[in-house]
Amino acid sequence: VYRLRTRARAAQQKARLAKQDAAARINTLSDTLQTLALSVEPLAEELSSEDAAQLRTDLAKARSAHDRAAEDYGGLAKAINDPERARLSEAEYEQIAGSYERLLDQVRITEGLRSAVDEKLLSFRRAMDESREAVGKSKEALDSAAREVARIGESGFRTTDAEQILEKARAAFAEAAGCVQ
């Protein structure tokens, strides 16, 4: 009898821990997804419509998965799946723990979806920063080339072709810089 009670208490503790873990992860995910949503919108305004739509879709998938997990947790939290109930058998507590473990699997998938959105955000930010840096370096190179063409022209050399190429480069730069702003 003592051995059965000890095993039942151990199974009950396992079920309690699984329930607490699920609750903590769902609550953390809720906060993280809200923060992520606040980061997505301003960045999405700077992205192409396709990239912005994909980012919003991925965020919506993560939110939907979270909502399902939270709803499932609410369903499990009913009295029948409460690990706080006393005098259940080891098998009953294991069944409760198994229910919460399956929910935790769902939560882990949701965490993966959230992580993927976060990684995309970082990737887009990194690409935008690198693009801005490249535009800055290109502007410096274009300005340097313009100064060099002017210097050569002042020396008495003909620079008509170089000036035409420079104008084409300025036009291409203006178009490219407009995409990065």
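The rules behind each value
Residues numbered from 1 in each chain as written. Predicted model: local features only at pLDDT ≥ 70, side-chain atom pairs only at ≥ 80, totals over all residues. Heavy atoms only, no water. Helix = DSSP H or I, 4+ residues; strand = E, 2+ residues; numbered from the N terminus. Areas by Shrake-Rupley, 256 points an atom, 1.4 Å probe, with all protein chains shown as cover. Lys, Arg positive; Asp, Glu negative; His and termini not counted. Charge placed at Lys NZ, Arg CZ, Asp CG, Glu CD. Salt bridge = Lys/Arg side-chain N within 4 Å of Asp/Glu carboxyl O. Buried < 20%, exposed > 50% of the residue type's maximum accessible area, 1.4 Å probe, protein only. Contact = heavy atoms within 4.5 Å. pLDDT = per-residue confidence, 0-100. Core = buried A, V, L, I, M, F, W, Y, C linked by side-chain atoms within 4.5 Å. Axes fitted to C-alpha atoms, helices over the stretch in contact; angles between N-to-C directions. Parallel < 35°, antiparallel > 145°, perpendicular 65-115°, else oblique. Left-handed = near helix turned anticlockwise from the far one by under 90°. Nonpolar A, V, L, I, M, F, W, Y, C, P; charged D, E, K, R; others polar.

A. A look at the overall build of the protein chain. The secondary structure content of the protein chain amounts to four helices and zero strands. Here the C-alpha coordinates of the protein chain stretch approximately 105 × 30 × 15 Å along the principal axes. Of the roughly 11,800 Å² of accessible surface on the protein chain, 52% is carried by carbon and sulfur atoms. Here the protein chain holds 29 positive side-chain charges and 32 negative ones, and the gap between their average locations is 9 Å.

B. Representation of the pattern of salt bridges within the structure. Inspection of the entire model under this criterion finds 16 salt bridges. Here Glu 111 makes a salt bridge to Arg 25, at a shortest N to O gap of 3.0 Å. Taken as a pair, Glu 111 in helix H3 (residues 90-154) and Arg 25 in helix H1 (residues 2-44) lie far apart in primary sequence, 86 residues in all. Given the relative accessible area of 22%, Glu 111 is considered partly exposed.

C. View of the side chain of Thr 110. One can find Thr 110 in helix H3. On the accessibility criterion, Thr 110 (0% relative accessible area) is buried. The residues touching Thr 110, leaving out its near neighbours within four places in the chain, are Leu 29, Ala 62, Ala 65 and His 66.

D. Here's a closer look at the environment of Ser 64. Position of Ser 64 among the secondary structure elements: in helix H2 (residues 49-76). Note: C-alpha distance between Ser 64 and Thr 110 (46 residues apart in sequence) is 8.8 Å.

E. Fine view of the confidence of the model for the protein chain. Mean pLDDT over the protein chain: 93, with 99% of residues reaching 70 or higher. Confidence, read as mean pLDDT per element, is least for helix H4 (residues 160-180) in the protein chain (90) and greatest for H2 (96).

F. Here's a closer look at the nonpolar core. Grouped together as the largest cluster of nonpolar side chains are 18 residues, with contacts concentrated most on Tyr 100 and Leu 103. Elements that contribute at least two residues to this core include exactly H1, H2 and H3. Among residues more than four places away in sequence, those in contact with Tyr 100 are Ala 15, Ala 18, Lys 19, Ala 22, Tyr 73, Leu 76, Ala 77, Asn 81 and Pro 83. By size, the runner-up hydrophobic cluster in this structure holds 15 residues, among which are Ala 37, Leu 47, Leu 55 and Val 117.

G. Geometry of the packing of H2 against H3. For the pair H2 and H3, the least separation of the axes is 9 Å and the interaxial angle reads 160 degrees. On the basis of the axis angle, H2 is roughly antiparallel to H3. Our pair here, H2 against H3, has a crossing hand that is left-handed. By residue class, the composition of the contact of H2 with H3 is 14 nonpolar, five polar and seven charged.

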